[in-house]
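One letter stands for each residue in the lines below.
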Amino acid sequence: MKDNILIIGGLGHIGLPLGLIFANKGHDVCLFDNNQNNKEMILNGHLPFIEEKGDVYLNKAIRNKKIVINNENMIIKKYKHVIICIGTPLDEYLNPKTDDFLRAIDSFIPFFKKSQNIIIRSSIFPGVCDLVYSKLKKKKITNLTYCPERIVQGKSIVEIPYLPQIISGYDNNSIRKTSNLFLSITKKIIISSVREAELIKLFSNAWRYLGFSIANQFMQISENEGINYEGLRLKMVEGYERNKNIPKAGFAAGPCLLKDTMQLSSFSKDKSGIFSMAMLINEGFTDYYLEKIKSEFGKKKIKVGILGMAFKQDIDDIRDSLSFKLKKQLELNGYTVVCSDYNIDKYTYKEQTLINECQSIIIAVPHKSYKKIKIPKSKFLIDTWGITKHGKRQNQR
Ligand SMILES: NC(=O)c1ccc[n+]([C@@H]2O[C@H](COP(=O)([O-])OP(=O)(O)OC[C@H]3O[C@@H](n4cnc5c(N)ncnc54)[C@H](O)[C@@H]3O)[C@@H](O)[C@H]2O)c1
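Procedures and definitions
Residues numbered from 1 in each chain as written. Predicted model: local features only at pLDDT ≥ 70, side-chain atom pairs only at ≥ 80, totals over all residues. Heavy atoms only, no water. Core = buried A, V, L, I, M, F, W, Y, C linked by side-chain atoms within 4.5 Å. Buried < 20%, exposed > 50% of the residue type's maximum accessible area, 1.4 Å probe, protein only. Helix = DSSP H or I, 4+ residues; strand = E, 2+ residues; numbered from the N terminus. pLDDT = per-residue confidence, 0-100. Contact = heavy atoms within 4.5 Å. Domains from an automatic or database assignment. Buried area = accessible area lost by both parts, 1.4 Å probe. Polar contact = N/O pair within 3.5 Å; in protein donor to acceptor, adjacent residues only side chain to side chain. Pairing = 2+ DSSP bridges. Right-handed = clockwise from strand over helix to strand, strands pointing away. Axes fitted to C-alpha atoms, helices over the stretch in contact; angles between N-to-C directions. Parallel < 35°, antiparallel > 145°, perpendicular 65-115°, else oblique. Left-handed = near helix turned anticlockwise from the far one by under 90°. Nonpolar A, V, L, I, M, F, W, Y, C, P; charged D, E, K, R; others polar. Salt bridge = Lys/Arg side-chain N within 4 Å of Asp/Glu carboxyl O.

## Focus: the nonpolar core
So, step 1. The biggest cluster of nonpolar side chains holds 33 residues, and the ones touching the most others in it are Ile293, Leu330 and Ile362.
So, step 2. Looking at this core, the elements with two or more residues in it are α8 (194–224), α12 (285–297), β9 (303–307), α13 (322–332), β10 (336–340) and β12 (380–382).
So, step 3. Broken down by element, the residue count for this core peaks at six residues, all from α12.
So, step 4. Ranked by size, the runner-up nonpolar core spans 31 residues in total, among them Ile75, Ile120, Ile141 and Val194.

## Quick word on the confidence of the model for the protein chain
So, step 1. Residues with a pLDDT of 70 or more make up 98% of the protein chain, whose mean pLDDT is 94.
So, step 2. Ignoring residues within four places in sequence, the model shows residues 393–397, a span with pLDDT below 50, making 19 contacts including any to other chains.

## Looking at the domain arrangement of the protein chain
So, step 1. Here the domain parsing of the protein chain yields domain 1 (4–192) and domain 2 (211–393).
So, step 2. Each of domain 1 and domain 2 has a C-alpha centre, and these two points are 33 Å apart.
So, step 3. Residue-level contacts link 17 residues of domain 1 with 17 residues of domain 2.
So, step 4. Together, the buried faces of domain 1 and domain 2 total about 1,300 Å²; carbon and sulfur atoms form 60% of this surface.
So, step 5. Three residues stand out in domain 1 for area buried against domain 2, namely Ile50, Leu94 and Gln153, and they jointly supply 41% of the buried area on that side.
So, step 6. At the surface where domain 1 touches domain 2, the tally comes to eight residue pairs in polar contact (both at pLDDT 80 or more).

## Section: the pairing of strand β2 (residues 28–32)
So, step 1. Across the five residues that make up β2, a large majority, four, are buried.
So, step 2. For strand β1 (residues 4–8) and β2, the ladder comprises five bridges, and the chain directions are parallel. For Asn4, the partnering residue across the bridge sits in β2 and is Asp28.
So, step 3. A crossover links β1 with its parallel partner β2, the connecting element being helix α1 (residues 15–24), and its sense is right-handed.
So, step 4. Judged from the four bridges that link them, β2 and strand β3 (residues 67–70) form a sheet pairing that is parallel. Paired with Leu31 across the strands is Ile69, a residue of β3.

## Brief notes about the environment of Ala253
So, step 1. Checked against the element boundaries, Ala253 lands in the loop between α9 (229–237) and α10 (257–268).
So, step 2. When the C-alpha positions of Ala253 and Gly169 are compared, they lie 31 Å apart, and in sequence the two are 84 residues distant.

## What to know about the packing of helix α4 (residues 98–108) against helix α5 (residues 128–138)
So, step 1. Their axes nearest at 11 Å, the elements α4 and α5 cross at an angle of 25 degrees. Relative to α5, α4 is oriented roughly parallel. Viewed along their axes, α4 and α5 form a crossing whose handedness is right-handed. Between α4 and α5, the residues in contact are Thr98, Phe101, Leu102, Ile105 and Asp106 and Val128, Leu131, Val132 and Lys135, respectively.
So, step 2. By residue class, the composition of the contact of α4 with α5 is six nonpolar, one polar and two charged.

## Quick notes on the pattern of salt bridges
So, step 1. Going through the model one piece at a time under the given rule, you end up with 18 salt bridges.
So, step 2. Residue Lys244 is joined to Glu241 by a salt bridge in which the shortest nitrogen-to-oxygen separation is 3.8 Å.
So, step 3. Exposure remark for Glu241: the relative accessible area of 59% places this residue in the exposed category.
So, step 4. Residues Lys294 and Glu291 are paired through a salt bridge, measuring 3.7 Å at the closest nitrogen-oxygen approach. In this pair, Lys294 and Glu291 both sit in helix α12, three residues apart, roughly one turn of the helix.
So, step 5. Of the residues examined, Glu291 reaches a relative accessible area of 43% and is grouped as partly exposed.
So, step 6. Sharing partners across several salt bridges, the network here consists of Asp130, Arg195 and Glu198.

## Looking at the sheet that holds β3
So, step 1. Spatial ordering of the open sheet is given by β3-β2-β1-β4-β5-β6-β7-β8, a layout of eight strands whose pairing is mixed. Taken across any chain shown, the strands that pair with only one partner, and hence form the sheet edges, are β3 and β8 (189–192). Mean inter-strand twist for the sheet, computed between neighbouring axes without regard to direction, equals 25 degrees.
So, step 2. As paired elements, strand β7 (residues 165–169) and β8 share four bridges and run parallel to each other. Bridged to Ile167 within β8 is Ile191.
So, step 3. Contacts between α8 and the sheet are confined to β6 (144–146), β7 and β8, with β7 contributing the most and set at about 145 degrees to the helix.

Right, dumping it as structure tokens:
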């Protein structure tokens, strides 16, 4: 059955692809967002960020008149399902800004209807769903479900149809309504309690974040022994299933992994320090690059080129990218830094010019096309990811 769906935060990295998937299944979708900067661009068929298959889905949705963009509260009540996908960042002390999220909910409540099906999709601090539920209940609204998003950024459209969708809620009726809605875009649903769903989301990201911190630690141990970690890792995983998930070393950045690990740390009042330790290792990885440059060049003030300014490969999102922290640290130490990232308009410094001009090149993000890049042996290459042939063998001259 085709439904009508309003997505709050509908122009963001999670809301927009989700809206396009629903629209391409025939649902009528309103992308509701208080930031209308990209409205015209989207209505002209262009996504404001990289999303695999995004343009195809967007153009089909526009052709079939299945999406509209709006930000007027009065229209909220027209929609049967309301999916909340707004951001849930941390503050400057790494505490979740739950107040902002709850304030946003307060601002929508006067426009919700009793019969509407409200779905939270943002990654939230455990207990926030209960708070939202108690606010809604005062208005006699009881249809609330929490359905966390578990895609990797840039691949929503490709992954959502195959990923099992966790669905949790406060009564069977709303769980049934939300399950039916998600079964129109994904093959499998898994029902859980609300607290389980909140923890599943945070555990999933913390698991990945801790995994990266272990790889980053392994890397520093092996390089201290003069052994290239990526070469070693490939030998570890070859034909040995149990090791196959050991990640490459490199920057673990972006708006989700650190944030959700810190939410978990805060929620669990972590006494072991395991989550903070992962944060120190991953966020401190820029020091490792800096020290490599310093030990190679000493006080010589060379020019360093950073390839890759996005927070991860093959996307154009710079939110919480560690490349910027690295740039700042290098500059504070007197080095001249130039940056390039062909996915990001502001950083279109030509790769070849950067390679010619700089004495040291750091591949900070393993964008696909960097695999083919040729770096002369005379340059000091730091290729932690082991993406180039040269870097796979050794991270030195
Ligand atoms: N980006 C990811 O890969 C990813 C993956 C899984 C889960 N999540 C979670 O999904 C949520 C959204 O993340 P995102 O990356 O899409 O963030 P985003 O910043 O790209 O998008 C959020 C959107 O919400 C809009 N918005 C904020 N407040 C609003 C309001 N009061 N009314 C209307 N619109 C409002 C913003 O303008 C923005 O367009 C977060 O909780 C995040 O942790 C993100």
